[in-house]
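# Coordinate analysis (summary)
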Amino acid sequence: MRILIVEDEKEIADGLSAVLIKEGYQVDMAYDGLNGLDCLLSNIYDLALLDVMLPKINGIDLLKNARREGISIPVILLTAKSQVEDKILGLDTGADDYMTKPFDVKELLARIRARTRITKNPEADQLSFGNIRLNQAAQKLETDMNSVKLANKEYQLLEYLLHNPCQILPKDMLIAKVWGFEDDSEYNNLEVYISFLRKKLRFVKANVEIKTTKSVGYSLEAIN
Ligand code: CA
């Protein structure tokens, strides 16, 4: 789960980022509205926390632009203002929720959980497809026959595949989702992680597999 924080007060941004990382989220930060919009338009995030008063483009205009471009992820506005008008304007613009600063971090985490749960799986917390389940609390891949612990990147990869079963996910998208925009040598390891996951799927006797569509990407499919 990757979250974007757009916040010009560096102290708040860093604090939030630390809390979210501790909770197991991947986090990217933007310190002004222009950069924030660029990041959002990359369409690799599952949720964004958006400050309203931002340099270059304010949060409301940023959100308007992003929604116009088809970015539909949940957005929680972080506003220093307590005026009702700003909240209404924010919600009318397409925000899903807002928090007034200073806010309680535990409440924010609860709202993030609620928002991401609604988008990905209205019925349950557990992601599943075929006979496999992703146990999010234990970071394990499970079937009724067996279970295996997943490394961090394996878990994230499988999570994205499970969110979009039977769809070919482009390699670039998977890399951006799991590794972000870090300039990292791990970039080239997508194939390696896919092969680890395939071994683990076989180990738990999954009736689904990761298919390769050459030079395009990967998809999670039922085994015929
Ligand atoms: Ca601000």
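See the structure above.
As the structure is a computational prediction, the values presented were derived from the model and not from experiment.

## Some points on the sheet that holds strand 6 (residues 127-129)
- The four strands are arranged 6-7-8-9 in an open sheet whose pairing can be described as antiparallel. Unpaired on one side and paired on the other, strand 6 and strand 9 (147-149) mark the two borders of the sheet. Recorded for the sheet is a direction-independent mean angle of 20° between the axes of neighbouring strands.
- Taken together, the three bridges between strand 7 (residues 132-135) and strand 8 (residues 140-142) define a ladder with antiparallel strand orientation. Across the sheet, residue N135 finds its bridge partner in strand 8, namely K140.
- Sheet strands touched by helix 6 (residues 152-163): strand 6, strand 7, strand 8 and strand 9. Its angle to strand 7, the strand with the most contacts, is close to 130°.
- On the sheet, helix 8 (residues 190-203) packs against strand 7, strand 8 and strand 9 and is oriented at approximately 150° with respect to strand 9.

## A few points about the nonpolar core
- L141, L157, L162, L190 and I210 are the most contacted members of the largest nonpolar core, which has 29 residues in total.
- Elements that contribute at least two residues to this core include exactly strand 6, strand 7, helix 6, helix 7 (171-179), helix 8, strand 11 (208-213) and strand 12 (217-222).
- Considering every element that reaches this core, the biggest residue donor is helix 6, with six residues.
- Formed by 23 residues, the second largest nonpolar core is a distinct cluster that contains L40, L50, L63 and I71.

## Description of the pattern of salt bridges
- For the coordinates displayed, the defined rule picks out 16 salt bridges.
- For D51, the salt bridge identified is with K101, shortest N-O distance 3.0 Å. A residue pair is termed long-range when its members are at least 10 positions apart, and D51 in strand 3 (residues 47-51) and K101 in the loop between strand 5 (97-100) and helix 5 (105-120) qualify at 50 residues.
- The exposure class assigned to D51 is buried, which follows from its relative accessible area of 2%.
- The network of salt bridges with shared partners includes E7, E9, D51 and K101.

## Some points on the packing of aromatic side chains
- Summed over all chains, the structure comprises two aromatic pairs.
- With a centroid separation of 5.7 Å and 80° between ring planes, the pair formed by Y193 and F196 is classed as edge-to-face. Residue Y193 and its partner F196 are both found in helix 8; the two are separated by three residues, about one turn of the helix.
- The class of Y193 is buried, set by a relative accessible area of 14%.
- Residue F196 is classed as partly exposed on the basis of its relative accessible area of 36%.
- Among the aromatic residues, those joined into a ring-pair cluster are W179, Y193 and F196.

The rules behind these values
Residues numbered from 1 in each chain as written. Predicted model: local features only at pLDDT ≥ 70, side-chain atom pairs only at ≥ 80, totals over all residues. Heavy atoms only, no water. Pairing = 2+ DSSP bridges. Helix = DSSP H or I, 4+ residues; strand = E, 2+ residues; numbered from the N terminus. Axes fitted to C-alpha atoms, helices over the stretch in contact; angles between N-to-C directions. Contact = heavy atoms within 4.5 Å. Core = buried A, V, L, I, M, F, W, Y, C linked by side-chain atoms within 4.5 Å. Buried < 20%, exposed > 50% of the residue type's maximum accessible area, 1.4 Å probe, protein only. Salt bridge = Lys/Arg side-chain N within 4 Å of Asp/Glu carboxyl O. Phe/Tyr/Trp six-rings, centres within 6.5 Å; stacked < 30°, edge-to-face > 60°.

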